[in-house]
Amino acid sequence: MGSFSLLYGRFEANVSLPTRQARGVWPAFWLMPASGVCWPTGGEVDIFEYVGSPLLPDFIYGSYHWAEPNACGKDQAPLPGMAFKEAGDNWQTGFHVYTAEWSPNEIDYKVDGKQYYKRTSDEVMLPTGPMYIILNQAVQQDLPPGKNCEPYVDGVDMVVDWVRVCATYPSR
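A. Local environment of the overall build of the protein. From N to C terminus, the protein includes 0 helices and 10 strands. Secondary structure elements in the protein, listed N-terminal to C-terminal, are β-β-β-β-β-β-β-β-β-β. Buried positions account for 44% of the 172 residues belonging to the protein. The contacts of the protein with a sequence gap of at least 6 include a subset with a gap of at least 24, amounting to 67%. Accessible area for the protein stands at about 8600 Å²; split by element, carbon and sulfur atoms hold 52% of it.

Encoded structure:
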């Protein structure tokens with residue numbers, strides 16, 4: 001089986017996330033560099049991360065991690081970039097379209113077509129090589145950090161309805 005990566009475009013997925021009572025789950029939709037360069041020198045685009053915890057509000061977080069060339073492990077953005085929440089409790093359990101639109105000059109983060117975060121080449125060093133998609137749901141006991149709650153993962157699925165990628169800028 002081959003692999004897929006793309007330089008610039010729109011990456012989106014229609015996803016339903018667990019409730020906030022889903023302790024210790026950490027679903028995410030993100031992009032990583034196909035080149036395999038050391039993290040985070042090629043960039044890491046977190047289209048969304050969600051931390052299942054009754055101690056945290058129902059927020060998803062969009063982030064961009066990066067470093068200067070050859071600065072392995074020296075993340076210039078170690079904290080979540082921007083939080084987003086719709087009105088109502090457990091809004092994230094419904095299906096929503098999560099999107100990153102990536103061009104040479106910016107990355108726009110959207111939920112259901114509404115922009116909630118943006119990174120530009122004036123602020124950070126954006127990725128310059130193709131990236132591949134990861135959709136995963138991690139399980140971790142220490143979420144949020146320092147709270148050491150026992151994970152509860154029965155019936156707390158991240159459900160992916162579809163994933164779509166559109167090349168919107170000429171690749172090199």
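B. Region of interest: the sheet that holds strand β7 (residues 106-111). The antiparallel open sheet is built from 5 strands, whose spatial order is β8-β7-β6-β1-β10. Of all the strands in the sheet, the pair left with one neighbour each is β8 (114-120) and β10 (159-166). Across this sheet, the average inter-strand angle for adjacent strands is 15°, counted without regard to direction. In this sheet, β8 lies alongside β7 in antiparallel orientation, the contact comprising 6 bridges. The residue of β8 that forms the bridge with I107 is R119.

C. Spotlight on the layout of surface pockets. In this structure, the second largest pocket spans a volume of roughly 230 Å³. Residue lining of the second largest pocket: 17 residues in total, with T41, G42, P127, T128 and G129 positioned closest to the centre. Grouping the amino acids of the lining of the second largest pocket by side-chain chemistry returns 11 nonpolar, 6 polar and no charged.

Rules used throughout
Residues numbered from 1 in each chain as written. Predicted model: local features only at pLDDT ≥ 70, side-chain atom pairs only at ≥ 80, totals over all residues. Heavy atoms only, no water. Helix = DSSP H or I, 4+ residues; strand = E, 2+ residues; numbered from the N terminus. Buried < 20%, exposed > 50% of the residue type's maximum accessible area, 1.4 Å probe, protein only. Contact = heavy atoms within 4.5 Å. Areas by Shrake-Rupley, 256 points an atom, 1.4 Å probe, with all protein chains shown as cover. Pairing = 2+ DSSP bridges. Axes fitted to C-alpha atoms, helices over the stretch in contact; angles between N-to-C directions. 1 Å grid on protein atoms, 1.4 Å probe; cavity = no way out; pocket = protein on both sides within 12 Å on 5 of 7 lines; lining within 4 Å. Points joined across faces, edges and corners; volume = space filled by probe spheres on them. Nonpolar A, V, L, I, M, F, W, Y, C, P; charged D, E, K, R; others polar.

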